[in-house]
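# Structural overview
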Amino acid sequence: MGGTAGVPEERGRKPAKYDPSFRGPIRNRSCTDIICCVLFFVFILGYIAVGILAWVYGDPKQVLYPRNSTGAYCGIGENKEKPYLLYFNIFSCVLNTNIIAIAQNGLTCPTPQVCVSSCPTVPWTVEPSQFSQTVEQVFAANRKFCLPGVPGNMQVLQSLQKELCPSFLLPSTPALGRCFPWTNSTVPELPGISNTSISQSISGIFDSLNARDISVKIFEDFAQSWYWILVALGVALVLSLLFILLLRLVAGPLVFVLIIGVLGVLAYGIYHCWEEYRVLRDKGASISQLGFTTNLSAYRNVQETWLAALIILAVLEGILLLMLIFLRQRICIAIALLKEASRAVGYIMSTMFYPLVTFALLLVCIAYWAIIALYPLPTWLTLPEYVFWAPNSSLPGCEKVSMNTSCNPMTEGNKLCSHDRQEQVNSSCPGLMCVFQGYRSTGLAQRSLFNLQIYAVLGLFWTINWVLALGQCVLAGAFVSFYWAFHKPRDIPIFPLGSAFLRTLRYHTGSLAFGALILTLVQIARVILEYIDHKLRGAQNPLTRCILCCFKCCLWCLEKFIKFLNRNAYIMIAIYGKNFCVSAKNAFMLLMRNIVRVVVLDKVTDLLLFFGKLLVVGGVGVLSFFFFTGRIPGLGKNFENPQLNYYWLPIMVSILGAYLIASGFFSVFGMCVDTLFLCFLEDLERNDGSADRPYYMSKSLLKILGKKNKGTPGDKKRKK
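Given the structure is predicted, the values throughout are model-derived calculations rather than measurements.

Let's shift gears to the overall build of the protein. Across its full length, the protein holds 22 helices and 10 strands. Burial status across the protein gives 43% buried among its 720 residues. Counted over contacts in the protein with a minimum sequence separation of 6, partners at least 24 positions apart contribute 72%.

If you want it as structure tokens, here you go:
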């Protein structure tokens, strides 16, 4: 019942003849998917041009300095003595926009802003009885918080309606060049906004942006413990490497111990559910007495809950036992492939450190995109719109001014410049001002900026997926060289990893770009769907939420399938050098003809690698905890335990670093297992054990399958 040893040949497919010179991937290959390769290079050139455009024409001051409502920067130029930005109504920022976007670009907050020399220190509010008074009378001590140029004889009500002066001030603290209210500020009553939500918003802003003391303490902890963190990461590296190399000795016993452990956990769960069910049955606690309730914890006290859990666990236990009995041969094949993968990694140790190359390339891709995203494009693309306004346009001197037309808020003496006519306009009109109207959201410049941002995001996804595809194909090429070497390690080529890297770049850049582009389009679709879901979350009905959830689930499944298909396609590309579509089709058909073996190997590998990650991360975490908390003494006077403010910080960093290191090592091992598995299936279909077509698999695999080689490749040559 363990399954047939061999696999029938694909209909219409002729077995490949034995080639005595074949020692790995096909060497006589040509460039594949040339059109996609050219498209990828043209896209990269455009991506570079976008980066150059952002670098040459961008304005980094948009990130370094806040801007007021006129577009002027605080802390430099004419506002050098006014380094802080005050929001008239900061709650509109908190409740309507993303505070991180505000930190990057102050002009995204829909409220007037003014540069100030210092933030308010006491609470203050305009009383309704003061509306008929003048700005000079009411804002005598707080005139600096109004927009520049507000006439002193203007009525307070008009200044508030035109948002020229703030209606209230809160005690604030500067953070990131902006005035943010204190968490214990007395908040005035605002229409439509509760004090609770405002106080919570203030607290969140203050806690996230004004944590200078905590930051200093964290920096001190890193300065005290960084070398011990490196030691912990070194331990994680050694443990990961030892675990992989020792699998050739302990893979079989370890897999069966883990399987028995899972069976034992399920058995204990069945026993526990039975005991709980028996006790509640004797008490007569039934779900009919409880009825329907939203308190889920109440269902723990009814017998039907434990009976259902008992049945589910019993079914799982039975399925696992049946799989263990009837799929034992396939489990043995999976164990033999794991041992063979451990041997392959031992012979080609350089593959274990290839993730460093992938990490460096990913860092370049992300850093380049971050420069484009954080190095804003020209300021004229993001300036707000302003119009002329006067308290009384019928006064002498105002008839020459076209009210509500575009204007430039930057003044020179008593003159204003009109954007529309590009001519000087006499500002003798009493109270004439260039008033903030809104933010430019349409026009060619805005559309161009949006298109460039979309282009940059597409470039980020495509380049990252291409780098990951390159790593998979290069590793597959190296491990393919190991499998198809008949006499190991004698027939393994010199520098297989370097040869695979150069071969992949030279011939298959287009195929990798093709696979990466397909995956990128699916990921972009998922991002768009998540964005739509986020924007419509407040206005959705249950049916809409259900439809969106189904779409997101389908796209998630599609992404997982494409990743699986791409991974195996890259292995076939590494072996035979065909284009992406042919390789993907051949890999998929080969796996479908061996679907049971695929499932068994995948689950056994996942179980083993999960245990390995748990061992590495758990071991490093426990050692870090005992050391940084002082339970393990240091190594003498020069290596004492560091004195820390937050001992959990280096522990968490060590655990995170150990997880990343273990994931990097085990990803190489997983790629090795997948590559050897596809080669093993190809070996079974193409060869028969004769002298002309011998099997390349290990002796342990031959023994499990009940097969043997009737001769070696040199036997026929010697007979001749």
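Let's pick the thread back up.
For helix α9 (residues 247–283), spanning 37 residues, the distance from its first C-alpha to its last is 51 Å, which sits close to the expected 54 Å at 1.5 Å a residue. Of all the bends found along α9, the most pronounced is centred on P253 and spans about 30 degrees.

A separate point is the packing of aromatic side chains. Note on aromatic pairs: each is described by the distance of the centres and the angle between the planes. The full count for this structure, using the stated rule, is 22 aromatic pairs. Their ring planes at 40 degrees and their centres at 5.8 Å tell us that W274 and Y277 sit as a pair that is tilted. In this pair, W274 and Y277 both sit in helix α9, three residues apart, roughly one turn of the helix. When its relative accessible area of 13% is taken as the criterion, Y277 is described as buried. Judged by centre distance (5.5 Å) and plane angle (90 degrees), the rings of F486 and Y696 are edge-to-face.

A few words on the side chain of S511. Relative to the helices and strands, S511 is located in helix α16 (residues 509–535). The contact partners of S511, leaving out residues within four places of it in the chain, are T32, D33, Y570, I573, K578, N579 and F580.

The next thing to look at is empty space enclosed by the protein. For the structure shown, the criterion picks out four cavities of 30 Å³ or more. Estimates place the volume of the largest cavity at around 110 Å³. Lining the largest cavity we find L86, Y87, F88, I90, P120, P166, F168, L169, L170, S172, C179 and P181. Looking at the lining of the largest cavity, the elements that each hand over two or more residues are β1 (84–87), β4 (168–169) and β6 (178–181). Grouping the amino acids of the lining of the largest cavity by side-chain chemistry returns 11 nonpolar, one polar and no charged.

One pass over the full model with this rule turns up nine salt bridges. Its salt-bridge partner being R343, residue E340 comes within 3.2 Å of it at the nearest N-O pair. Linking E340 with R343, this pair stays in helix α12 (residues 328–347), spanning three residues, or about one helical turn. Residue D602 pairs with K603 through a salt bridge whose shortest N-O separation is 3.7 Å. Judged by its relative accessible area of 37%, D602 is partly exposed.

Scanning the model with the defined rule gives three disulfides in all. Two residues, C74 and C115, share a disulfide whose sulfurs are 1.9 Å apart. Given an S-S torsion of about -80 degrees, the disulfide between C74 and C115 has left-handed geometry. A residue pair is termed long-range when its members are at least 10 positions apart, and C74 in the loop between α2 (61–64) and β1 and C115 in strand β2 (residues 113–116) qualify at 41 residues. Residue C74 is classed as buried on the basis of its relative accessible area of 1%. The thiol of C550 is not disulfide-bonded; the next cysteine sulfur, from C546, is found 4.3 Å away. Relative accessible area serves as the criterion here: at 42%, C550 is assigned to the partly exposed category.

Reading the values: rules and limits
- Residues numbered from 1 in each chain as written.
- Predicted model: local features only at pLDDT ≥ 70, side-chain atom pairs only at ≥ 80, totals over all residues.
- Heavy atoms only, no water.
- Helix = DSSP H or I, 4+ residues; strand = E, 2+ residues; numbered from the N terminus.
- Buried < 20%, exposed > 50% of the residue type's maximum accessible area, 1.4 Å probe, protein only.
- Contact = heavy atoms within 4.5 Å.
- Expected span 1.5 Å × (residues − 1).
- Bend = angle between axes of the 7 residues up to and from the residue.
- Phe/Tyr/Trp six-rings, centres within 6.5 Å; stacked < 30°, edge-to-face > 60°.
- 1 Å grid on protein atoms, 1.4 Å probe; cavity = no way out; pocket = protein on both sides within 12 Å on 5 of 7 lines; lining within 4 Å.
- Points joined across faces, edges and corners; volume = space filled by probe spheres on them.
- Nonpolar A, V, L, I, M, F, W, Y, C, P; charged D, E, K, R; others polar.
- Salt bridge = Lys/Arg side-chain N within 4 Å of Asp/Glu carboxyl O.
- Disulfide = S-S within 2.5 Å.

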